[in-house]
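# Observations on chain architecture
Spelled out from the first residue to the last, the chains are:
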Amino acid sequence: FTLFYSIGGLFVHRSIEDIGGFASLFPTDFYPNHPYLFFIIMVWTIYFASSFVLSFISSSIILIVENEYTVLASILFLCMGLSLLSNVVNIPYLNIYDAYVAFNTTNQTHETFYPVIAFFMIGVGIFIYGKNKLKKYY
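This report concerns the structure included in the present document. Keep in mind that what you see is a predicted model, and the values were worked out from it rather than measured.

About the thresholds
Every chain is numbered on its own, with residues counted from 1 as its sequence reads. Predicted model: local features are reported for residues with pLDDT of at least 70 only, side-chain atom pairs are reported and counted for 80 or more only, and whole-chain, interface and lining totals are derived from all residues. Excluding hydrogens and water, the side-chain figures rest on all heavy atoms present in the structure. The numbering of helices and of strands both runs from the N terminus, where a helix is a DSSP run of H or I of at least 4 residues and a strand a run of E of at least 2. Multiplying 1.5 Å by the residue count of a helix minus one yields the expected span of that helix. Remark: exposure states derive from per-residue accessible area (1.4 Å probe, protein chains only) relative to the maximum for the residue type, with buried under 20%, exposed over 50%, and partly exposed in between. The directions considered for the arc are those from the helix axis to the C-beta atoms. Counting of polar contacts relies on pairs of N or O atoms within 3.5 Å, with two restrictions inside protein: one atom must be capable of donating a hydrogen and the other of accepting it, and residues adjacent in sequence are counted only when both atoms are side-chain atoms. Should any heavy atoms of two residues lie within 4.5 Å, those residues are considered in contact. Only C-alpha atoms enter the line fits that serve as axes; for helices the fit covers just the stretch in contact. Angles between N-to-C directions range over 0 to 180 degrees. Angle categories are assigned with fixed cut-offs, so that under 35 degrees is roughly parallel, over 145 is roughly antiparallel, 65 to 115 is roughly perpendicular, and the rest are oblique. Here a crossing is called left-handed whenever its near helix is offset anticlockwise from the far helix by less than a right angle, and right-handed whenever the offset is clockwise. Charged residues are taken to be Asp, Glu, Lys and Arg, nonpolar residues to be Ala, Val, Leu, Ile, Met, Phe, Trp, Tyr, Cys and Pro, and polar residues to be all remaining types, Gly included.

### Describing helix α4 (residues 68–88)
With 21 residues, α4 extends 30 Å between its outermost C-alpha atoms, agreeing within 8% with the 30 Å of an ideal straight helix rising 1.5 Å per residue. What α4 keeps buried is the set V71, I75, C79, L82, S83 and S86. The arc enclosing the buried residues of α4, seen along the axis, measures out at 100°, which places them on a common side. Projecting away from the buried face of α4 at angles above 90 degrees are the exposed residues Y69, F77, L84, N87 and V88. Its side-chain oxygen at 3.2 Å from the backbone nitrogen of Y69, N67 defines the N-terminal cap of α4. Taken from the residues just after α4, N90 is the one with a positive phi, measuring 60°.

### Concerning the side chain of S50
Mapped onto the elements of the fold, S50 is located in helix α3 (residues 35–62). Taking the relative accessible area as the measure of exposure, S50 reaches 0% and is therefore buried. Here Y47 takes part through its backbone oxygen, which lies 3.2 Å from a polar atom of the side chain of S50. Among all residues touching S50, those that are not within four sequence positions of it are A99, Y100 and V116.

### With respect to the side chain of S83
The topology assignment puts S83 in helix α4. A relative accessible area of 5% places S83 in the buried class. Engagement of the side chain of S83 in a polar contact is seen with the side chain of N95, the distance being 3.0 Å. Among residues more than four places away in sequence, those in contact with S83 are L94, N95, I96 and Y97.

### Concerning the packing of α3 against α4
Two elements in contact, α3 and α4, have axes separated by 10 Å at closest approach and are oriented at 130°. Considering the angle they form, α3 stands oblique to α4. The two elements α3 and α4 cross, and the hand of that crossing is right-handed. Taking contact as the criterion, the partners of L54, I57, S58, I61 and I62 in α3 are, on α4, V71, S74, I75, L78 and C79. In the contact of α3 with α4, the residues fall into eight nonpolar, two polar and no charged.

Here is the structure:
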């Protein structure tokens, strides 16, 4: 993402004044004055955290299942299922996709991290279950 935004930042220009709620962390007019820096900070915060958490969940699922396709399918169904559930019961803190559209949302900066924290707790639960399963197996 950093390489992509660095190359893309050479050719892109600012076209909107208000980037959304993720900019609430920064001072007024930070995005219009420094759009490249804004996106680099966003890449190294929310995008890095959400990628780390999804990788952690994938690594935890590997402890439970043997087939790599099952790991891919379970991550896909976990993300889609919890996002659909969050839309049905109106709990926005389970929708992991909000972390990936952080730049164009009404959520504040700290609210963008709530789904990542929820998925991290799910990953810790899967990890503990997988470690206990391995102990019983050996």
